[in-house]
Amino acid sequence: MAKRAKTTHFGFETVGWDEKQKKVGAVFESVASKYDLMNNLMSLGVHHGWKRFAVEASQVRPGQLVLDLAGGTGDLTRLFSEKIGPSGLVVLADINAAMIEVGRNRLLDQGLINNIKFAQANAEALPFADNSFHCISMAFGLRNVTDKAAALRSMYRVCKPGGKLLVLEFSKPVLPGLNKVYDWYSFNLLPKLGQLCAGDASSYQYLVESIRLHPDQENLKAMIEDAGFEDCYYHNLSGGIVALHIAYKY
Ligand code: SAM
């Protein structure tokens, strides 16, 4: 019998396991220059609050080493950079050169480059030594990764014992009645907004679909613990539209 090729999801589309990374790459290549504007429009600026909450919850201290994985245009990197001060270091790592370039230029313009380094890297196989970072964050990135288990294992490997993982991601709304409004907004308005502001409806259609297929709060918690992290818990933000998972490596 012929062996069936391994598949995965790219939004609601079923694609070959090896195809997804390229397709995700094309999405972020296409939206990079409009990414920040679109984030502000789509969430009416609320995403800044989610990100501030995550960085506050990290409790990072001056002098620490932080990995902002899938760091994109650098929102979390900027906040971490302020917290760890000149003796610390934040590495913004992302697979996509276009996103890193936008982020790097933005952080440079803000005069915030002294304690920041950039790395083009795939979360599934991080090019850092074991036990390197006090804190690892991944905001709105895990959803896009093909092999999420491998990425979480890779994060576990490079996290220092005593270190902390933060995964900020879209999740499953828990407020009664929110699902209906959220679905209407997501499927009707978002792709139109994407077309209008970024000239790209399909990337925002992917965004909406990928959010629906991402593991919910409890399933993501189980995946994080399967990778080796312990004591995982989460905060629901904006009624569970987003969740912040926090876990430790001992
Ligand atoms: N963290 C930023 C934020 O919250 O604004 C950017 C999030 S953006 C929605 C997702 C990012 O994940 C993109 O910059 C994309 O290039 C990156 N990404 C996707 N797959 C990745 C992978 N396998 N490894 C590292 N980064 C990845």
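Note: the structure precedes this text.
The rules behind these values
Residues numbered from 1 in each chain as written. Predicted model: local features only at pLDDT ≥ 70, side-chain atom pairs only at ≥ 80, totals over all residues. Heavy atoms only, no water. Helix = DSSP H or I, 4+ residues; strand = E, 2+ residues; numbered from the N terminus. Near = heavy atom within 4 Å. Polar contact = N/O pair within 3.5 Å; in protein donor to acceptor, adjacent residues only side chain to side chain. Areas by Shrake-Rupley, 256 points an atom, 1.4 Å probe, with all protein chains shown as cover. Nonpolar A, V, L, I, M, F, W, Y, C, P; charged D, E, K, R; others polar. Salt bridge = Lys/Arg side-chain N within 4 Å of Asp/Glu carboxyl O.

Caption draft 1: Representation of unusual backbone geometry within the structure. Positive phi is not limited to glycine here, since Leu44 has a value of about 50 degrees. Among the structural elements, Leu44 can be located in the loop between α2 (35-43) and α3 (46-58). At Ala70, a residue that is not glycine, the phi angle is positive and equals roughly 55 degrees. Along the chain, Ala70 falls in the loop between β3 (65-69) and α4 (75-84).

Caption draft 2: Examining the site of the ligand more closely. Close to the ligand lie 18 residues, the nearest being Tyr35, Ala70, Asp94, Asn122 and Ala123. Within the contact set of the ligand, an oxygen atom lies 2.9 Å away from a side-chain nitrogen or oxygen of Tyr35. One nitrogen or oxygen atom from the main chain of Ile95 is found 3.3 Å from a nitrogen atom belonging to the ligand. Bound to the protein, the ligand loses 97% of the 590 Å² it would expose on its own. Here the residues of the shell around the ligand are counted per class, giving 10 nonpolar, 6 polar and 2 charged.

Caption draft 3: Main features of the pattern of salt bridges. Under the definition given, this model contains 9 salt bridges. Note that Arg106 and Asp75 form a salt bridge whose closest N and O atoms lie 2.5 Å from each other. Here Arg106 is found in helix α5 (residues 97-109), whereas its partner Asp75 is found in helix α4, with 31 residues between them in sequence. Asp183 is the partner of Arg212 in a salt bridge, and the nearest nitrogen-oxygen pair spans 2.7 Å.

That is the geometry; function is a separate question.
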